[in-house]
Amino acid sequence: MNKLRSSIRQLCAITAIVTLVAFFILAVYVRSERSFEDYVSIPIRQRPSDWFSHVKIGIIGDSWVEGKKLDVSVRQLLAAKGLNADVVSSGHSGVKSRQLYRDLFADSTTPYSSNSLLMDDDLDYLVVVTGVNDTAGYIGRDFYAHHMLGIMKAAQDRGVETLCIEVPDYGIDSLPFTSVSSWGKQLVFRYLFDGGKVNVIEDYRSELLARLGTLSKPVTVISFDPKIWHYEFNSKLYINPSHLNQEGSFALSSLIADELIALHNKTVQ
């Protein structure tokens, strides 16, 4: 009997230790995933008075941008509306807002660095396309808004007019199951930082708008008409719940081009 009790006590002790170690590892992992990047100070650039004689537009973002999916169509749509501009992009598939912010300051030799774009003295407009991975990963709306604000601040310090899309309408309720580990991580983060809610798109949008209001200069926020973009109603724009197809990329390009034209006309005046 004593041996049985001793074995039970040992088993309980081992279980408690393993549980504590597992919680510690989980806490360290969550902390590393959720750490907020400090804002970087960069050289302030004054926009030259004749900037509009040669317009250059940069687009940064996740897989919706990677592979130059938007460059040609945005340039052609702008030209059709009377604005001849250079359009360059830097896309990094799978990234959340924090990594997109880090990419802005990464050494030019680092894969996916967009530093040369940020520091380009000819850059006039910067369009930011991200938010799908933040919401799909339930990283927290404060995390998302903090790093988006950092991107906007950096661009404004460089004298660049900024535009950002709100978190896109996509099939967040229809995301496929990939693996047990990713499902488990998503579940933990969803309950820790988003109250267990599944569709958090509007929450993240609202938080971003509130943070952008603290900037000294306004930021153009590109909104999605749910009648056009809602995944359940218009899935023909998507390859899968979280990625656009060619038709969807063109529709996004058209949305960006319209906002750029409106901002450009206002800025020149």
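Criteria and cut-off values
Residues numbered from 1 in each chain as written. Predicted model: local features only at pLDDT ≥ 70, side-chain atom pairs only at ≥ 80, totals over all residues. Heavy atoms only, no water. Helix = DSSP H or I, 4+ residues; strand = E, 2+ residues; numbered from the N terminus. Buried < 20%, exposed > 50% of the residue type's maximum accessible area, 1.4 Å probe, protein only. Contact = heavy atoms within 4.5 Å. Areas by Shrake-Rupley, 256 points an atom, 1.4 Å probe, with all protein chains shown as cover. Salt bridge = Lys/Arg side-chain N within 4 Å of Asp/Glu carboxyl O. Expected span 1.5 Å × (residues − 1). Phe/Tyr/Trp six-rings, centres within 6.5 Å; stacked < 30°, edge-to-face > 60°. Lys NZ or Arg CZ within 6 Å of the ring centre and 35° of its normal. Pairing = 2+ DSSP bridges. Axes fitted to C-alpha atoms, helices over the stretch in contact; angles between N-to-C directions. Parallel < 35°, antiparallel > 145°, perpendicular 65-115°, else oblique. Left-handed = near helix turned anticlockwise from the far one by under 90°. Nonpolar A, V, L, I, M, F, W, Y, C, P; charged D, E, K, R; others polar.

Enquirer: Go over the overall build of the protein chain, please, and point to the residues and values.
Expert: Helices and strands together make up the secondary structure of the protein chain, namely 10 helices and 7 strands. Relative to its 269 residues, the protein chain shows a buried fraction of 45%. In the protein chain, 81% of the contacts between residues at least 6 apart in sequence involve partners at least 24 apart. Per element, the accessible surface of the protein chain, about 14,000 Å² overall, is 56% carbon and sulfur.

Enquirer: Outline the pattern of salt bridges, supporting the account with residue identities and numerical values.
Expert: Overall, the coordinates contain 13 salt bridges when judged by the stated rule. Its salt-bridge partner being Lys185, residue Glu33 comes within 3.2 Å of it at the nearest N-O pair. Of this pair, Glu33 sits in helix H1 (residues 2–34) while Lys185 sits in helix H7 (residues 180–193), and the two are 152 residues apart along the sequence. Of the residues examined, Lys185 reaches a relative accessible area of 29% and is grouped as partly exposed. Asp203 serves as the salt-bridge partner of Lys197, at 3.1 Å between the closest nitrogen and oxygen. Residues participating in the shared-partner salt-bridge network are Glu166, Asp169, Glu202 and Arg205.

Enquirer: Please set out helix H10 (residues 246–268) residue by residue, giving values where relevant.
Expert: When the terminal C-alpha atoms of H10 are compared, their 32 Å separation across 23 residues agrees well with the 33 Å that a helix rising 1.5 Å per residue should span. Among all positions in H10, only Gly248, Ser249, Leu252, Ser253, Ile256, Ala257, Leu260, Ile261, Leu263 and His264 are buried.

Enquirer: Mind laying out the environment of Pro218, listing which residues take part and the relevant values?
Expert: Structurally, the position occupied by Pro218 is in the loop between helix H8 (201–212) and strand E5 (220–222). In this structure Pro218 comes out as exposed when scored by relative accessible area, which is 68%. Along the sequence, Pro218 and Gln156 sit 62 residues apart, while their C-alpha atoms lie 9.6 Å from each other. Beyond its immediate sequence surroundings of up to four residues, Pro218 is in contact with Gln156 and Thr162.

Enquirer: Could you give an account of the packing of aromatic side chains, with specific residues and numbers?
Expert: Considering all chains together, one arrives at 7 aromatic pairs under this definition. With a centroid separation of 5.8 Å and 40 degrees between ring planes, the pair formed by Tyr144 and Tyr204 is classed as tilted. With Tyr144 in helix H6 (residues 141–157) and Tyr204 in helix H8, the pair connects residues that are 60 residues apart, well separated along the chain. For the pair formed by Tyr144 and Tyr204, the shared burial category is buried. Through a chain of ring-to-ring contacts, three or more aromatic side chains come together here, namely Tyr39, Tyr101 and Phe105. It is Lys185 that lies over the ring of Phe189; its NZ or CZ is 5.8 Å from the centre. Between Arg190 and the ring centre of Tyr138, over which it is positioned, the NZ or CZ distance is 5.8 Å.

Enquirer: How would you explain the pairing of strand E3 (residues 125–129) if you had to name every residue and give the values?
Expert: Counting buried positions along E3 gives 5 out of 5 residues, so the element sits mostly inside the fold. Side-chain alternation along E3 places Tyr125, Val127 and Val129 on one buried face and Leu126 and Val128 on a second face that is also buried. With 5 bridges connecting them, strand E1 (residues 55–61) and E3 associate as parallel partners. From the neighbouring strand, Gly61 faces E3, where its bridge partner is Val129.

Enquirer: Got a sec to walk through the packing of helix H3 (residues 97–105) against H6? Specific residues and values, please.
Expert: Close contact between H3 and H6 brings their axes to 8 Å; oriented N to C, the two are set at 25 degrees. Taken as axis vectors, H3 and H6 run roughly parallel relative to one another. Regarding H3 and H6, the two cross each other, and that crossing is left-handed. When H3 is examined against H6, the residues Ser97, Arg98, Leu100, Tyr101, Leu104 and Phe105 are found in contact with a partner set consisting of Phe143, Tyr144, His147, Met148, Gly150, Ile151 and Ala154. Tallied by class, residues from the contact of H3 with H6 come to 9 nonpolar, 3 polar and 1 charged.

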